[in-house]
Amino acid sequence: MQKKTFNMGVAYDVLNTSLLLLLSLITLYPLLYVLFASFSDSNMLAGHGGLLHKPLGFTIASYRYVFRNSSIWIGYGNTILYVVFGTMLSLAMTTLGAYVTSCKDFFWTKYIMPYMVFTMFFSGGLIPTFLVVKGLGLYDNPLALLLPSCISTWNLIIMRTFFSGIPRSLKESTKIDGANEWIILTRIILPLSGSVIAVMILYYAVGLWNGWFNAMIYLRNRSLFPLQLFLREILISNSGDDMVLGINDAERQTISESIKYATIIVSTLPILTIYPLLQKHFVKGVMIGAVKG
Amino acid sequence: MKIKGNIVRGNAKTKSGVFAEIKRDYKLNKYLVFFSIPVVVWYFIFHYVPMYGVIIAFKDYNVAQGFLASKWVGIEHFKTFFKSYYFVRILINTLLLSFYNLIFSFPIPIILALVLNEVRSKVLKSTIQTITYMPHFISLVVICGMAYIFLSKGGPINSIALLFGGEEINYLMYSQYYRIIYIALGLWQNAGWNSIIYIAALTAIDITQYEAAEIDGANRLHKLWHVTIPGILPTIIITLILNIGRFMSEGSDKTILLYNEATYEVSDIISSYVYRNGLLKADYSSSAAIGLFNSVINMLLIYGSNAFSRVVNETSLW
């Protein structure tokens, strides 16, 4: 009897683990394929059938094309600016909103909270929002990427939940000592909120880094484009062919495929290298949100 | 001190109404009022003005006249839309996509969390978590770009199909593959990430329940069925209800990246149609009408599902 259960336990573990390894492989392999293909010789890659388990004839030729392409650099520069300033703005606004609504003794809260939450239920939709942003003179203006999406109500609620968890007695004792709300927020609340601030920075920064839709509808001037818009051109609209002028069509086609692989690596590697280091903060954000959800 | 406080409260009672309350708030919480101003103004400009702007759905909007001065046309735009060939098509496509999403993208994260929970080695567990969360951080443009490369002629999927005697085709040009591709990409990107909430719920299950079950002679399957699953059932139900609440709010991002004219008949959904018709063809009023139709249904679904979750679980989003 005991032997039988033991065997069943082992079988269970083996089945479980192999299922997970298979899942991990499915998740990881497309990325590995892109990595191998990006270092492969483009002609060998074009003639190759089936999967890759190592680069075919190691070369960095396609990376040379990518780094020589000025739009990648312009896009990178713009995206970094948008991420830095957009995150600062979003964080400041979200903190203010979250702090105000976490103050239970502030009577206005009972009007502000429904005022904000209602926007999660109902929105004017794409067209009126577009017309308002355009009416404000933000069309073809980089601020159109930062202002309209500045506060995520969902993030604000996560932050508010966190603030509400800080003991009231701490605030009240500071108030008795004569501190105003600004001092309470900056000296008491924020120093205690490191983890939720980290979560907010990560959420907003990743959103800005990956965002492209607002840029597509609001920006016309190519020198303002974020990286994702250029990536869309190269990967989806196939304009990457322009990078390899002066070669015959067939060869250009082959090389432009290799360039796509290298472009994906160049644009995605930074975030994928940083992410495992920050993973626990992201997960924490989901947990804080889950308490409320 | 106490008397003064009472007087303040007394004043507010006599001068009842919002303005008196705001005035008193200002006196008591000057800084909080200042803090709230930028936030309130932001919500006003970027959420409430567009909500007001939705009146163009009942007007013949033209850019020169603006929201206010454009001519009223009543429910003309709605009538045209409900009668048009596109109405049924984009409604069905939106619903079907959400339905398939619910069938596939909802249970798989739960299964993943349950399977992960059975892994005893901490290192293995955290490695698998890191790997499966990773695609969540890759941008949609890159994910769809990868789909284009992999599914195009000469791409790896085609070369595998060739090995098995298949024909070389560009999968994204064929309607019958579109929904599978759409759902599969969503799964690849988010299945791991969406499992976090269940993993969190799993860690909250009281360990003594497992011990009690063991004493009663339960094996691992018994424990899974009688302890683990009931333990995360509330989370599963809330997530399910919220998913149903989002049934009509499938965003346009992924569709715009993936679709093309060859697949419109299955790929075009409400949000992508609004984008194409409204922004590319600058047909503002009728697109705003379709957007409003969608927003109202969304509101009812979200409100309804939230109210339902309040009844079922005594917890709600708000």
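Residues numbered from 1 in each chain as written. Chains lettered and ligands numbered in written order. Predicted model: local features only at pLDDT ≥ 70, side-chain atom pairs only at ≥ 80, totals over all residues. Heavy atoms only, no water.

(A) A look at the overall build of chain A. Looking only at helices and strands, chain A features 14 helices and zero strands. For chain A, the α and β elements follow one another from N to C terminus as α-α-α-α-α-α-α-α-α-α-α-α-α-α. In terms of overall size, chain A is more extended than a compact globule, its C-alpha atoms giving a radius of gyration of 25 Å where 293 residues would be expected to give roughly 19 Å. Taken over the C-alpha atoms alone, chain A extends approximately 75 × 75 × 35 Å along its principal axes. When burial is assessed residue by residue, chain A has 51% of its 293 residues classed as buried. Considering only contacts within chain A whose residues lie at least 6 apart along the sequence, 71% involve residues at least 24 apart. (Helix = DSSP H or I, 4+ residues; strand = E, 2+ residues; numbered from the N terminus. Rg over C-alpha atoms; globule rule 2.2 N^0.38 Å. Buried < 20%, exposed > 50% of the residue type's maximum accessible area, 1.4 Å probe, protein only. Contact = heavy atoms within 4.5 Å.)

(B) Just the side chain of T130 of chain B, in detail. In this fold, T130 of chain B is placed in helix α8 (residues 122-133). The class of T130 of chain B is buried, set by a relative accessible area of 18%. Dropping the residues within four chain positions of it, T130 of chain B is found in contact with Y275, P276 and Q279 of chain A.

(C) Highlighting unusual backbone geometry. Of note in this structure, D140 of chain A is not a glycine but carries a positive phi near 60 degrees. Looking at the element boundaries, D140 of chain A is found in the loop between α6 (126-135) and α7 (143-146). Phi at A282 of chain B takes a positive value of approximately 55 degrees, unusual for a residue other than glycine. Looking at the secondary structure, you find A282 of chain B in the loop between α17 (270-280) and α18 (284-313). Residue classification places A282 of chain B among the partly exposed residues on the basis of a relative accessible area of 42%.

(D) A look at the domain arrangement of chain B. All names here are of chain B. We note that the domain assignment places domain 1 (2-74) and domain 2 (77-313) within chain B. Placing a centre on the C-alpha atoms of domain 1 and another on those of domain 2 gives a separation of 37 Å. Across the contact, nine residues belong to domain 1 and seven residues belong to domain 2. Here domain 1 and domain 2 share an interface that buries about 650 Å² over both sides, 73% of which is from carbon and sulfur atoms. (Domains from an automatic or database assignment. Buried area = accessible area lost by both parts, 1.4 Å probe.)

(E) Local environment of the packing of helix α4 (residues 70-102) of chain A against helix α8 (residues 153-164) of chain A. Residues and elements named next belong to chain A. Relative orientation of the contacting elements α4 and α8 amounts to 50 degrees, with a least axis distance of 8 Å. It follows that α4 is oblique to α8 by the angle criterion. Judged by the sense of rotation from one axis to the other, the crossing of α4 with α8 is right-handed. Contacts between α4 and α8 involve L91, T94, T95, G97, A98, Y99, T101 and S102 from the first element and N155, L156, M159, R160, F163 and S164 from the second. Of the residues in the contact of α4 with α8, the class split is six nonpolar, seven polar and one charged. (Axes fitted to C-alpha atoms, helices over the stretch in contact; angles between N-to-C directions. Parallel < 35°, antiparallel > 145°, perpendicular 65-115°, else oblique. Left-handed = near helix turned anticlockwise from the far one by under 90°. Nonpolar A, V, L, I, M, F, W, Y, C, P; charged D, E, K, R; others polar.)

(F) Structural view of the packing of helix α7 (residues 107-117) of chain B against helix α14 (residues 220-245) of chain B. Residue and element names in this part refer to chain B. Running from N to C, α7 and α14 cross one another at 140 degrees; their axes reach a closest spacing of 12 Å. Between α7 and α14, the angle falls in the class oblique. Classified by chirality, the crossing of α14 by α7 is right-handed. Facing I110, L114 and N117 of α7, the residues of α14 in contact are L224, T228, I229, I232 and I236. The residue inventory of the contact of α7 with α14, partitioned by class, reads six nonpolar, two polar and no charged.

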